[in-house]
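# Chain and residue survey
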Amino acid sequence: MPVELKLSGHEKDLGGGFRVRRLLPAAQRQSVGPFLFFDHFGPITVAPGAAHDVRPHPHIGLATVTYLFEGAIMHRDSLGFSQRIEPGAINWMTAGRGIVHSERAPEEWTDREYVNHGVQLWAALPRAQEEVAPDFVHTPASAIPEALVGGARVRVLAGEAFGLRSPVKTFSTTVYLDVQLAAGTVFELPPLAPELALYAVDGPVVVDGEQVEAHTLTLLAPKATAAVMATRAVRLMVIGGDALDGHRFMWWNFVSSRKERITQAAHDWELQAMGQVPGDAELIPLPERRLIPD
């Protein structure tokens, strides 16, 4: 059977009432391909003056991958990049040996009501690239290839699929797709990578005869083609790639194959030695609980 595991995730409050559905990491599975963190936020109506801004905070050993369906986010980082993130674009921030960034509402939207809806992933960097120089790359929506595949509209956000190649550069074999299915559509998803999963964003689907509810991350069996049927219009995100080259330790915003490296990053952040976002003196302090999980 193509369905190997279904993860329903859990809700997490990031502060100010900004809640997300966190699918990865999970007790049953740390990662799918390089992706070891999957947050789905919204759709949420942001009221004027709402405290949904994410203040400056650090990362190491990973790349953040931000994708919006609706709304806008203003990204700023310690490298000096300032980028308005809008629907359909891919924003890939390589933390490497360390970066600090903030994610705030665009200034011109602070006094208006709007809807934010999207997905943020973390991709673990391969062991050999964990300490690369940090970087930020914005790929506009117009540069993302898309095509009709049967009755589905597929956008290839990262990697290769259905004869399309994304311009987004990755560090390992990576698959990331945005698939929109019309009601009554059957979408044949081939085994595009050794590890593959699909996420039902806004409605249920049937995967090879098995019902999958909305907001479920469904891991597919290796080398299997999955037949995905939509009884109503629905959006899917497909993630995957090569398996990680070993276990990763994760604590707060830090990812590393070495536990002592996370301890060092926490110490550096406490000393404010990881850089600053220009013009933004705020920061998120370290959590009080300092136990790094195995």
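Reading the values: the criteria
Residues numbered from 1 in each chain as written. Predicted model: local features only at pLDDT ≥ 70, side-chain atom pairs only at ≥ 80, totals over all residues. Heavy atoms only, no water. Helix = DSSP H or I, 4+ residues; strand = E, 2+ residues; numbered from the N terminus. Rg over C-alpha atoms; globule rule 2.2 N^0.38 Å. Buried < 20%, exposed > 50% of the residue type's maximum accessible area, 1.4 Å probe, protein only. Contact = heavy atoms within 4.5 Å. Lys, Arg positive; Asp, Glu negative; His and termini not counted. Charge placed at Lys NZ, Arg CZ, Asp CG, Glu CD. Core = buried A, V, L, I, M, F, W, Y, C linked by side-chain atoms within 4.5 Å. Pairing = 2+ DSSP bridges. Axes fitted to C-alpha atoms, helices over the stretch in contact; angles between N-to-C directions. Phe/Tyr/Trp six-rings, centres within 6.5 Å; stacked < 30°, edge-to-face > 60°. Lys NZ or Arg CZ within 6 Å of the ring centre and 35° of its normal.

The helix and strand inventory of the protein chain stands at one helix and 26 strands. At 19 Å, the protein chain has a C-alpha radius of gyration in line with the 19 Å of a compact globule built from 294 residues. Once the C-alpha set of the protein chain is aligned to its principal axes, its extents read approximately 55 × 45 × 35 Å. Considering the protein chain as a whole, with its 294 residues, one finds that 53% of them fall into the buried category. Once local pairs closer than 6 in sequence are excluded, the contacts in the protein chain between residues at least 24 apart make up 71%. In the protein chain, the 26 positive side-chain charges and the 34 negative ones have mean positions that sit 2 Å from each other.

In this section: the nonpolar core. Membership of the largest hydrophobic core comes to 28 residues, with the highest contact counts inside it found for F38, I90, L121, Y176, L217, M237 and I239. The greatest single-element share of this core, amounting to four residues, is contributed by strand 6 (residues 62-70).

With that out of the way, let us pick up the pairing of strand 9 (residues 90-94). Of all five residues making up strand 9, five are buried, and the element is well covered by its neighbours. Burial along strand 9 is two-sided: the face carrying I90, W92 and T94 and the face carrying N91 and M93 are both buried. Bridge count between strand 6 and strand 9: four bridges; the pairing is antiparallel. The partner of V65 across the bridge, within strand 9, is W92. The pairing of strand 9 with strand 12 (residues 135-139) spans five bridges and is antiparallel.

Now for the sheet that holds strand 23 (residues 226-229). If you walk across this open sheet you meet the four strands as 18-23-20-21, and the pairing is antiparallel. In the strand order of this sheet, the two ends are held by strand 18 (186-189) and strand 21 (210-212), each with one partner. Strand-to-strand, the axes of this sheet are offset by a mean angle of 30°, without reference to chain direction. Across three bridges, strand 20 (residues 205-207) lies against strand 21 in antiparallel orientation. Note on strand 21: the bridge partner recorded for V206 is Q211.

What follows is about the sheet that holds strand 9. Read across the sheet, seven strands follow the order 2-3-4-11-6-9-12 without closing on themselves; strand pairing throughout is antiparallel. Whereas interior strands pair on both sides, the edge strands pair on one side only; in this sheet they are strand 2 (10-13) and strand 12. Taken over all neighbouring pairs, the strand axes of this sheet differ in orientation by 20° on average, direction set aside. With eight bridges joining them, strand 6 and strand 11 (residues 114-124) adopt antiparallel strand pairing.

Working definition: an aromatic ring pair is given by the centre-to-centre distance plus the angle between the planes. Evaluation of the coordinates by the stated rule reveals 11 aromatic pairs. Here Y67 and F69 contribute two aromatic rings whose centre-to-centre distance is 5.7 Å and whose plane-to-plane angle is 90°, an arrangement assigned as edge-to-face. Here Y67 falls in the buried class, since its relative accessible area comes to 1%. By relative accessible area, F69 is classed as buried at 11%. Ring centres 5.6 Å apart and planes at 90° place the aromatic pair W252 and F254 in the edge-to-face group. Counting every residue linked through ring pairs, the aromatic cluster contains F35, Y67, F69 and Y176. The ring centre of W109 lies 4.9 Å from the NZ or CZ of R84, which sits over that ring.

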